[in-house]
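A look at the structure
Each chain is listed here by its residues.
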Amino acid sequence: MNLSANPIAKPVPMSQKNTIYAIIILLLTFIAYLPVFQLGFTNYDDQRYILENQRLHISIQNIFYYFSHFFDGHYHPLTMLSFMTDHWLYGINATGFHTSNLILHLLNNLLVFVFILKLTGKGQTAFFTALLFGICPLGVESVAWISERKNLLYTFFLLISLIFYLKYNRGNNKKHYILAILAFLFSSLSKAQAIILPLLLILIDYYQTGLSIKRKKCLEKLPFFVLAILFGLLAQYAQASFWESEESDYDLLTRLFFAAYAFSNYIFKLIIPHAMSALYPYPVESGKELPVQMYPYWIPVIVYIGLIIYFLKKNRLISFSLLFFAVNILFLLKITGVPYGDYLMADRYTYMASIGIFLLLAYIITRLVNILNKYNWLAYILFAAYSLFFMYSTHMQTKTWKNGTSLWKNVLQYHPQNYQAWNDLGTAYAAEGKTGEAEESFHNAIRINPDKSAAYNNYGNLKARNKQYVDAIQLFDKAIALDPDYAKAYNNRATAYKFLDQQRRAIEDYKTAIILKPQMVLPRINLAKAYQSSGLPVNALKTIEDAITINPDLALAHEIKASILMDQQEYVKALNHLNHAIDIIRDDPVLYALRGMAKLNLSKQTAGCEDLKKAYDLGLKSLKDQIEKYCQGGS
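Thresholds applied
- Residues numbered from 1 in each chain as written.
- Predicted model: local features only at pLDDT ≥ 70, side-chain atom pairs only at ≥ 80, totals over all residues.
- Heavy atoms only, no water.
- Helix = DSSP H or I, 4+ residues; strand = E, 2+ residues; numbered from the N terminus.
- Rg over C-alpha atoms; globule rule 2.2 N^0.38 Å.
- Contact = heavy atoms within 4.5 Å.
- Areas by Shrake-Rupley, 256 points an atom, 1.4 Å probe, with all protein chains shown as cover.
- Lys, Arg positive; Asp, Glu negative; His and termini not counted.
- Charge placed at Lys NZ, Arg CZ, Asp CG, Glu CD.
- Salt bridge = Lys/Arg side-chain N within 4 Å of Asp/Glu carboxyl O.
- Buried < 20%, exposed > 50% of the residue type's maximum accessible area, 1.4 Å probe, protein only.

What to know about the overall build of the protein
On a plain count of helices and strands, the protein comes out with 31 helices and zero strands. Against the compact-globule benchmark of 26 Å for 635 residues, the protein has a radius of gyration of 28 Å, which places it among compact chains. The principal-axis extents of the C-alpha atoms in the protein amount to approximately 85 × 60 × 45 Å. If you take every contact in the protein between residues at least 6 apart in sequence, the share linking residues at least 24 apart comes to 70%. A total accessible area of about 28300 Å² is found for the protein, and carbon and sulfur atoms account for 60% of it. Across the protein, the centroid of the 59 positively charged side chains sits 13 Å from that of the 45 negatively charged ones.

Some details on unusual backbone geometry
Of note in the backbone geometry, aspartate 45 takes a positive phi value of approximately 75 degrees without being a glycine. Along the chain, aspartate 45 falls in the loop between helix H1 (16-32) and helix H2 (46-51). Despite not being glycine, aspartate 501 has its phi angle at roughly 60 degrees, a positive value. Along the chain, the position of aspartate 501 falls in the loop between helix H23 (487-499) and helix H24 (503-516).

With respect to the pattern of salt bridges
Counted by the stated rule, this structure contains 22 salt bridges. Close ionic contact of aspartate 205 with lysine 217 constitutes a salt bridge, the shortest N to O distance being 3.9 Å. Highlighted residues: aspartate 205 in helix H10 (residues 197-209) and lysine 217 in helix H11 (residues 215-220), separated in sequence by 12 residues. On the basis of relative accessible area, aspartate 205 is assigned to the buried category, the value being 11%. In the salt-bridge network here, residues are joined through shared partners; they are Glu141, Glu148, Lys150, Lys191 and Arg348.

Put into structure tokens, the structure is as follows:
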């Protein structure tokens, strides 16, 4: 296949054959991901994004918040809006969130097919590429992990941008050019990884017209590069302001060896998926000598670069495929320590990049079909067997994301000495009420790295949950000794003090947590409750108002303020806050019970009794006596 001539593909109609290709791709991908409907939430970021996120309620304030603030070290307002939409549709229902992820993946699958079809003009090549993309086991992390919605969403808009750019190149229609820019903007608002798009546009130009450089094509890229630089700087600032880079001690030479290791393994795992894990720790600790087995990983990198150079003029499809993967993965090799995080690799980083490798495999398969001629059925059987292997691997890997315990057990299968995996397995067991297993996991985490504070804090929470407050305080003390700025540990220790009726110590620790993390709402809520129980309503009211200022749509804060106001017999004001809280959370029996009592105190007996009965129906059975006392007809 000689691509020295201009290979701008002619418009390809969605023929019956291509429609069948698309249906087969979607059907096989859906089958491979069937276990996704049995998955729940994990304790790997899902708690921050969904379970503990008090800004999932759709409101103007929350929408404005996500566009004007970083969240979890990222600027991705469209991703957060998609979660808000899911919450509106499904509530806190894991199956609903997983369904949305799968729908996005299927849409991306279809877009890959359209993109390759428009790029090459060859339906069979597009079919092979898109099918492998859809059923690739390394894609499971992006699909089965709810919190990685941003990967699916940015890819969705990025592929649309690429498709519109191809349309623009073919017809020079300014409308397509503007739509390509707009789709790129949406992609960047979903995940900062989208900033590589201008380089992909250059690759498309190279594929279609060769190495010639035209002034017009360079000027066309300026808006894309401006957006890329803007969102790149924004992303770096967001991550630096939220995450602490734990691998900063690695020197540049070591990082380059790490990059070669990661680059090579990404390719190996894409072609032959194996040992897939939600976490890939660094192969050696900072400051220690690089193991000799790391050195040979530069060989495949050098070969890869050599192949790109060799095929630049000989076969632009091969060089385009190789460059497409390299461009998408290059900035994720952590040569500069960005993206932040104490891990070397991540399966999710290959999601978009995999298109390049699978386009190359598709080209090889189509060439094999042509070479074998009348025996080409052998090539089809080979591809079918390879696809079945992919589907089975994807099916099994999806199951590992069922919950936190299955996820971290899978990680520990390949990395048994990883501190984070043991610590997170402990928190997953604790959430399931498996105290013995949780304690064993925390002991293992502390054994592996006794100088990290998180496991002590989480172990302390487990002790506190089991009402072993003295033991819990000792563990929180250890966490704080290791990290004096650990706001969560101060908050947790304060709560333990509160249960031991040591209110003064509790209040001091809550105050310290607030000083350390002024935007952290939970210590303010807890401090307000401590003031309230200590008979300091003025302090309690001021503290809870500060919490509401930080997050106006936090139902719990409005509930606490209403409770304080009711103690002061300010029932009208309390009612306003309870109405707002119920608008946010519509199935909380405590809110209905409080509102019912507020209405009764305002002589609104019928409305008050309706709320009390609603709270009773929602599970607050302790209201039975009050309903019989205040409401005719009982429950």
